[in-house]
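Chain by chain, the residues run as shown.
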Amino acid sequence: MRVQSSATAPTRIAVPAPARSFGTVQAALGVAAFSLTFPATAWGLEGFGPWSLVAVRSVLAALVAGGCLLALRIPLPARAHWPGLAVVAAGVVVGFPLLTTLALQTSTTAHAAVVVGLLPLTTALLSALRVGTRPSRTFWAAALAGAAAVVAFTVQQSGGALTTADLYLFAALLVCAAGYTEGGRLARAMPGWQVIAWALVLCLPVSVPAAALALSHEPAHLTAHSVAGLLWVAAGSQFVGLVVWYRGMAAIGIPKASQLQLAQPLLTLVWSVLLLGEHLTVAAPLTAAAVLVCIAVTQRARG
């Protein structure tokens, strides 16, 4: 019970410097994996409908996760962890993928990156409320500055026009931040990969019939792009990326890990140019430099 209580207690757990450094690397790898999610989703939508793409990706990711749990003979989580796993499942496995996929039907990846630009700040706020973290004023100032820079850049990229997809994007922002916060909290009581693995398995009773129903109404048209996009969002974004992300959050703390995501929209825009042929303005390198400074400040800030 000691391990479980440490995950919810407001007291700070000392983490050795090498572990913090490795945690930062893991969180950064998670951000790199997530940065491909929107372009991969755009590819997936070339051959799948939005509902079938989300349901099938969840099923595939759950099969990978469940196979790992069975192969390693991992016991069921403690009963106290299931409510938190349900929040992770609702926010990260179902809510964010579905809402952003629906948004990407009418929104470009550049415009959708506004969500990711606001996600670090929202996650830090929810972490302060849920876990009791108290970052310093310097941290909050740098986080707000970084979020403002990203939002200004991505809104400028989309022409400053609001679309009907914005409601989906703002809802996705809230549910994903809740899933990240709860997952980061649970990752201090159980291995990070088990957090997302059990959340995916928890969704199987819903995702399997949902996939069958969606595919019957949205027949798939398999192409190289749609298959590659599906495989990445299922294995890369939905499982592997979240494994290293939650491990990183457990090592360096939810607020600091969340601020690494300030770089995610800019990485997404780079992938959008390379994979989707979208065009960037000269503001991109300037925004990248500003965001990197903000990230450096948040990582060094006390609290």
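See above for the structure.
All figures in this text were calculated on a predicted structure; none of them were measured in a lab. (Residues numbered from 1 in each chain as written. Predicted model: local features only at pLDDT ≥ 70, side-chain atom pairs only at ≥ 80, totals over all residues. Heavy atoms only, no water.)

1. With respect to the overall build of the protein
As a reminder, the rule being used: Strands here mean DSSP runs of E at least two residues long; helices mean DSSP runs of H or I at least four residues long; both are numbered from the N terminus. Burial classification: accessible surface area is computed with a 1.4 Å probe over protein chains only, and a residue below 20% of its type maximum counts as buried, one above 50% as exposed, and the rest as partly exposed. Residue contacts are counted whenever heavy atoms from the two residues lie within 4.5 Å of one another.
A count of helices and strands for the protein gives 14 helices and 0 strands. Helices (α) and strands (β) of the protein occur, in sequence order from the N terminus, as α-α-α-α-α-α-α-α-α-α-α-α-α-α. Out of the 303 residues belonging to the protein, those deemed buried represent 52%. Counting only contacts in the protein whose residues sit at least 6 apart along the sequence, the fraction spanning at least 24 positions is 92%.

2. Some words on the packing of helix α3 (residues 37-44) against helix α13 (residues 264-276)
Rules: The convention used is that axes are lines fitted to C-alpha atoms, helices contributing only their stretch in contact, and that angles between N-to-C directions extend from 0 to 180 degrees. We call Asp, Glu, Lys and Arg charged. Ala, Val, Leu, Ile, Met, Phe, Trp, Tyr, Cys and Pro are nonpolar, and the rest, Gly among them, are polar.
At a minimum axis separation of 8 Å, α3 and α13 run at an interaxial angle of 35°. Of the residues in α13, those touching α3 at F38, P39, A42 and W43 are T268, W271, S272, L275 and L276. In terms of residue class, the contact of α3 with α13 is built from 7 nonpolar, 2 polar and no charged.

3. Describing helix α11 (residues 224-252)
Rules: Note on bend: the value at a residue is the angle between axes fitted to the seven residues ending there and to the seven starting there.
The axis of α11 is deflected most strongly, by about 40°, at L242. Immediately beyond the C-terminal end of α11, within one or two residues, lies G253, with a positive phi of roughly 100°.

4. With respect to the packing of helix α4 (residues 50-71) against α11
Defined as follows: Angular relationships are summarised with four words: roughly parallel below 35 degrees, roughly antiparallel beyond 145, roughly perpendicular across 65 to 115, and oblique for the angles in between. We call a crossing left-handed when the near helix sits turned anticlockwise from the far one by less than a right angle, and right-handed when that turn is clockwise.
Orientation of α4 relative to α11, taken along the N-to-C sense of each, is 55°, at an axis distance of 9 Å. Taken as axis vectors, α4 and α11 run oblique relative to one another. For the crossing formed where α4 meets α11, the hand is right-handed. In this structure, α4 uses L53, V56, R57, L60, A61, V64, A65 and C68 to contact α11, whose residues at the interface are L230, V233, A234, S237, Q238 and F239.

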